[in-house]
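# Overview (structure and organization)
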There are 2 protein chains.
Amino acid sequence: MAVDPLSRVFSALADPTRRDMVARLAAGDATLNELAAPYGVTVQAVSKHLRVLEDAGLVSRSRDAQRRPAHLEAAVLDLATGWLERYRRAAEERYRRLDDLLARLPDDIDPIPPARPEEGASR
Amino acid sequence: MAVDPLSRVFSALADPTRRDMVARLAAGDATLNELAAPYGVTVQAVSKHLRVLEDAGLVSRSRDAQRRPAHLEAAVLDLATGWLERYRRAAEERYRRLDDLLARLPDDIDPIPPARPEEGASR
DNA sequence: ACCGTTGTCAACCATCTGGTTGATGACAGT
DNA sequence: ACTGTCATCAACCAGATGGTTGACAACGGT
């Protein structure tokens, strides 16, 4: 184990059941049994899902007698959003600056080898 | 098989190697061998990663003789960002509206039972 | 016509994952 | 002191995942 935080977050959100749980927690805290109700699986399975979300830092759990209400920690969502935004913006920027199009110059304009100018081997 | 698009995207991004590839593709298209260079794995393994990204719609590949340059499709990143933003905002909104804090009213102000008003026992 | 480069396909392997059943712990009520 | 509810732990299982090796197809250059 000891996986990086970002992987844990993305991995946690890669499951539709887990995403659905997050969606419901966004509307308010909920206990395990409340969360488990809608899905056709055992409460144990949902407990595992909850554990995954917890390990990813997406939910925290408090104590109320034998109940352990789950609470969405929205801050971690920003971690993922931050990553996504960064590269979305980079790609967009690259597109805007037309590097892309320059690399695909129609060859009938100029006989200059349009393929890699000097992309040696490293980088 | 036949997994929903959002799961595929998050799942694809759950691997650090794959995220790194996305990061590099954000800077410009690259071939399989170029992508494989930095990692201590075989080219076949990277090919599989690329396939996963492709299936998630995150990259497209064109044809240039025997080369198949990979190109980042930033639009799909928006799919993920959109989902994240939605629930981050929902949670934030809930927090801002103080529903949260109301639910945790200090008991020394009011003896009204702060716990679930009518959550019987049924269900 | 050959060779080297680029990439894919297939089989195999170890581990992770999402689910199950069954047993058990920790409480609140009565 | 019981009983019922909420939740966790443990063992197990089938299928997905990330990696390997080995063979092979497709193409450009000489």
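Structure first, text after, so check above.
Report on the accompanying structure.

The rules behind each value
Residues numbered from 1 in each chain as written. Chains lettered and ligands numbered in written order. Predicted model: local features only at pLDDT ≥ 70, side-chain atom pairs only at ≥ 80, totals over all residues. Heavy atoms only, no water. Helix = DSSP H or I, 4+ residues; strand = E, 2+ residues; numbered from the N terminus. Near = heavy atom within 4 Å. Polar contact = N/O pair within 3.5 Å; in protein donor to acceptor, adjacent residues only side chain to side chain. Nonpolar A, V, L, I, M, F, W, Y, C, P; charged D, E, K, R; others polar. Least-squares fit on C-alpha atoms with pLDDT ≥ 70 in both. Contact = heavy atoms within 4.5 Å. Buried area = accessible area lost by both parts, 1.4 Å probe. Salt bridge = Lys/Arg side-chain N within 4 Å of Asp/Glu carboxyl O.

Attention now moves to unusual backbone geometry. A negative phi angle is the norm for most residues apart from glycine, just as the trans form is the norm for most peptide bonds. For A65 of chain A, which is not glycine, the phi torsion reads 60 degrees and is therefore positive. Assignment of secondary structure puts A65 of chain A in the loop between β1 (59-61) and β2 (70-72).

Our focus in this paragraph is the protein's contact with DNA strand D. As a matter of local geometry, DNA strand D sits amid 23 residues, with R61 of chain A together with T42, Q44, K48 and H49 of chain B nearest to it. Sugar plus phosphate: this is where 63% of the atoms of DNA strand D within 4 Å of the protein reside. A distance of 3.5 Å is found between a phosphate oxygen of DNA strand D and a side-chain nitrogen or oxygen belonging to R51 of chain A. Every element with two or more residues in the surface near DNA strand D is listed here: α3 (32-36) and α4 (43-55) of chain A together with α4 (43-55) of chain B. Take the surface near DNA strand D: its biggest share by element is five residues, from α4 of chain A. For the surface near DNA strand D, the residue count by class is five nonpolar, ten polar and eight charged.

Attention now goes to the protein's contact with DNA strand C. What surrounds DNA strand C is a group of 23 residues, the closest being T42, Q44, K48 and H49 of chain A together with R61 of chain B. The sugar-phosphate share of atoms of DNA strand C within 4 Å of the protein amounts to 65%. Here a base oxygen of DNA strand C sits 3.1 Å away from a polar atom, N or O, in the side chain of Q66 of chain A. In this structure, R61 of chain B approaches DNA strand C through a side-chain N or O atom, which is 2.7 Å from a phosphate oxygen. Elements with a minimum of two residues in the surface near DNA strand C: α4 of chain A together with α3 (32-36) and α4 of chain B. At five residues, α4 of chain B tops the list of elements feeding residues into the surface near DNA strand C. Classifying every residue of the surface near DNA strand C by side-chain character gives five nonpolar, ten polar and eight charged.

This brings us to the relation of the copies chain A and chain B. In the superposition of chain A on chain B (RMSD 0.0 Å, axial shift 0.0 Å), the rotation amounts to 180 degrees. Those values place the two copies in the arrangement expected of a two-fold rotation axis. Mapped onto chain B, 97% of the interface residues of chain A again fall at the interface, so both copies present the same surface.

Further remarks concern the interface of chain A and chain B. Listed as interface residues are 37 residues of chain A and, on the opposing side, 40 residues of chain B. Between chain A and chain B, roughly 3,100 Å² of surface is buried when both sides are summed, and carbon and sulfur atoms account for 62% of that area. Considering only the side of chain A, the residues that lose the most area to chain B are R19, L84 and R94 of chain A, jointly responsible for 19% of the buried surface there. Here D4 of chain A and R19 of chain B are joined by a salt bridge, their closest N and O atoms 2.6 Å apart. Between the two partners, chain A and chain B, sit nine residue pairs in polar contact (both at pLDDT 80 or more). The set of elements that each furnish at least two residues to the side of chain A that touches chain B consists of α1 (5-13), α2 (16-26), β2 and α5 (75-96) of chain A.

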